[in-house]
Amino acid sequence: MLVTAIRSKPVYATLEPDLSGTFHLLVGQGSGGDALLRLLEKMPRGADAQVLYAAESRSGVDRSEPLSAFGAVQCRIFPSMAEVVACLDQVLSTCFMGTRLYVAGSESFIGSVGQVAARYNLTGDEAQSERCGSAARRVYCIHCKTSQENVTTNVVRCAGCERHLLVRDHYSRRLAAYMGVMADAASPGTLPPVEERLA
Amino acid sequence: MRHDEAIPVEVAAVEQVTPLVKQFTLRRVDGGPFPPFSGGCHVVVVMHGRGRTFRNPYSLLGSPRNVDCYQIAVRRHDAGRGGSRFMHDEVRVGTRLEVGHPVNLFPLAKLARKHVFVAGGVGITPILAMVDDLRSTSAPWELHYRVRGPEHDHFGRKLRDENGNRVHLYYGSHGQTLDLGRIVANQPLGTHIYTCGAEQMVAAVAQAAKAAGWTDSHVHCERFVAPPIGDPFDVHLARSGVTVHIPSERSLLEAIEAVGVDAPYLCRGGVCGQCETEVLELEGVLVHNDHWLSDEERAAAKKIMPCVSRARCTRLVLDR
């Protein structure tokens, strides 16, 4: 029982080169590497581009090698998503207007990248994101403020306060997570059927 | 905003600040404070001339922290419909006018990391208040201001005295031109650019920003147009059941208001969309002067913005 028709739920697209930009920053993780490779194929030769990629992946997909071998563009490989996000922060601080950001990976990764991009006031017409791999969610407990990764069910037990949380479609870009609210607040102990919805 | 919500004001001071521009300080007749406003706001000033009411939009140039008075600057347009001539020739200390409530169609981008302003001539007025708003933030800004010559530079000098080398002044008489390519190059991410001035300057800034890879969400402009003079024509207002003659020097909106028909408006400069009106019948062509309708809508000739647009026609029927 996911609450639907909530407009904050992010909508993702397929990455396309935006040649109105003058510098293209490609950021990805895991199976997002395939989307970055597709995008690089579509980029005209000589386009000023840079790739930041994390091999870390829930599914085990690692496209470090083909990305490094692509040539013509600088590609930096990192072992973890956190390191890519930290590097992105540093790169954006030196970027100029005209930059286009392309993000490919899990929703949690896209969300973390979005938090950094927002600090640089990158807007919707300067950034694109493509969700790759599983639809697992990062869920934020609105009661104890703990976030947990890789939630694939409609109800999840909070790792912080142990409440059963109903995972809503209400997404916060600031927190980069879906809101989890106590599922049995009205009638304690009565939970909706737990369903695997987002594998 | 409606005429009946206008605030009665009295002119408290008039200053000739450049050969073409007068600055007016307005206080409420009831002595109270004005509605609060933000940098980039304009108000519609209602002037009761002999047998003719003018309603012209002017940017508020004073500090948004001071609502004891409103300040506007009016450039004289001798070839215009008469509103600016009225302000220059008839209005003096003590003259009663009315102003509408402030509307902001040119706001600062609150999340910007840097602000770049480009202005020409009297286009500096909204930027004076915007720059004042930025005092409360840490965001850096710079201004590039071009005027005909030093005698036209009252506001630029004032800004430079207060803000130092953030303010770059260019005098046409000295052959100094804006290097827009350089201004938009190498600006940090999250920079927003704002232009107010002649249509040509606004278009040139937009073009330079686009060429440097800026997206539309970071480019802002104030491009009010004064209602141009044109051929006279007649319009029939279907809902009101009246036919109105539109003389050369009067806008469609002004003529509709003059016969007592209530018509919506906000900017009176062709940018806000408030006065959009459906064209029911047309024999002739519409002369679109607004920045609101799309090219397709203009071509379809089913809508008109009566604040600035006209027609060359033998018959025009509007849904008003």
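Located above this text is the structure these notes cover.
Everything numeric in this text was worked out from a predicted model, so none of it was measured.

A.B. asks: It is not clear to me how the environment of D62 of chain A should be interpreted in this structure. Could you clarify?
C.D. replies: Residue and element names in this part refer to chain A. Checked against the element boundaries, D62 lands in the loop between β2 (49-54) and α2 (64-69). Using a count of 17 C-beta atoms within 10 Å as the deciding quantity, one classes D62 as partly exposed. Sequence separation of D62 and F109 is 47 residues, and the distance between their C-alpha atoms is 15 Å.

A.B. asks: How should the pairing of strand β2 (residues 21-28) of chain B be read in this particular structure?
C.D. replies: Where a strand is regular, its side chains alternate between the two sheet faces. All names here are of chain B. Bridge analysis of strand β1 (residues 7-16) against β2 gives 7 bridges, and the strand direction is antiparallel. Across the sheet, residue V14 finds its bridge partner in β2, namely F24. Hairpin connection from β1 to β2: 4 residues lie between these consecutive antiparallel strands.

A.B. asks: Sorry if this is basic, but what is going on with the sheet that holds β2 of chain A here?
C.D. replies: Backbone-to-backbone hydrogen bonds pair the strands of a sheet. The strands run either parallel or antiparallel. Residues and elements named next belong to chain A. A sheet is described by the order of its strands in space; here 5 strands give the open sequence β3-β2-β1-β4-β5, paired in parallel fashion. The open sheet has two edge strands with one neighbour each: β3 (74-78) and β5 (127-131). Strand after strand, the sheet turns through a mean of 10° between neighbouring axes, direction not considered. As paired strands, strand β4 (residues 99-105) and β5 are joined by 5 bridges and run parallel to one another. Its bridge partner lying in β5, Y102 is registered against Q128. The sheet contacts of helix α3 (residues 81-92) involve β1 (23-29), β2 and β3, and relative to β2 the element is tilted by about 155°.

A.B. asks: Looking at this structure, I do not really get unusual backbone geometry. What am I missing?
C.D. replies: Leave glycine aside and you will find that most residues have negative phi; peptide bonds, for their part, are mostly trans. Residues and elements named next belong to chain A. Of note in this structure, K145 is not a glycine but carries a positive phi near 70°. Among the secondary structure elements, K145 is positioned in the loop between β6 (137-141) and β7 (147-151). Backbone geometry places E162, a non-glycine residue, at a positive phi of 70°. Along the chain, E162 falls in the loop between β8 (155-157) and β9 (164-172).

A.B. asks: Looking at this structure, how should I read the nonpolar core?
C.D. replies: Among soluble globular proteins, nonpolar side chains are generally buried collectively. Judged by nonpolar contacts, the single largest core of 91 residues is most densely connected at V27 and L36 of chain A together with I72 and I127 of chain B. Among all residues touching I72 of chain B, those that are not within four sequence positions of it are F24, V45, Y58, S59, L60 and L61 of chain B. Among the nonpolar cores identified, the runner-up in size contains 25 residues, and I304, A311, L316 and L318 of chain B belong to it.

A.B. asks: Would you take a moment to explain α3 of chain A for this structure?
C.D. replies: Helical periodicity: at 3.6 residues per turn, an α-helix aligns residues three or four positions apart in one direction. Residues and elements named next belong to chain A. Between its terminal C-alpha atoms α3 stretches 16 Å, which fits the 16 Å expected from 12 residues at 1.5 Å a residue. Taken together, the buried positions of α3 are occupied by M81, V84 and L88. Looking straight down α3, one finds that the buried residues subtend no more than 55° of arc, so they occupy a single side. The inward-facing, buried residues of α3 contact β1, β2, β3 and α4 (107-119).

A.B. asks: What is the right way to read the interface of chain B and chain A from this model?
C.D. replies: The figure often quoted for interface size is the accessible area lost as the parts come together. Facing 16 residues of chain B, the contacting portion of chain A comprises 15 residues. Split by residue class, the side of chain B that touches chain A holds 6 nonpolar, 8 polar and 2 charged.

Thresholds applied
- Residues numbered from 1 in each chain as written.
- Chains lettered and ligands numbered in written order.
- Predicted model: local features only at pLDDT ≥ 70, side-chain atom pairs only at ≥ 80, totals over all residues.
- Helix = DSSP H or I, 4+ residues; strand = E, 2+ residues; numbered from the N terminus.
- Buried ≥ 20, exposed ≤ 12 C-beta atoms within 10 Å, placed from the backbone.
- Pairing = 2+ DSSP bridges.
- Axes fitted to C-alpha atoms, helices over the stretch in contact; angles between N-to-C directions.
- Contact = placed C-beta atoms within 7 Å.
- Core = buried A, V, L, I, M, F, W, Y, C linked by C-beta atoms within 7 Å.
- Expected span 1.5 Å × (residues − 1).
- Arc of directions from axis to C-beta.
- Nonpolar A, V, L, I, M, F, W, Y, C, P; charged D, E, K, R; others polar.

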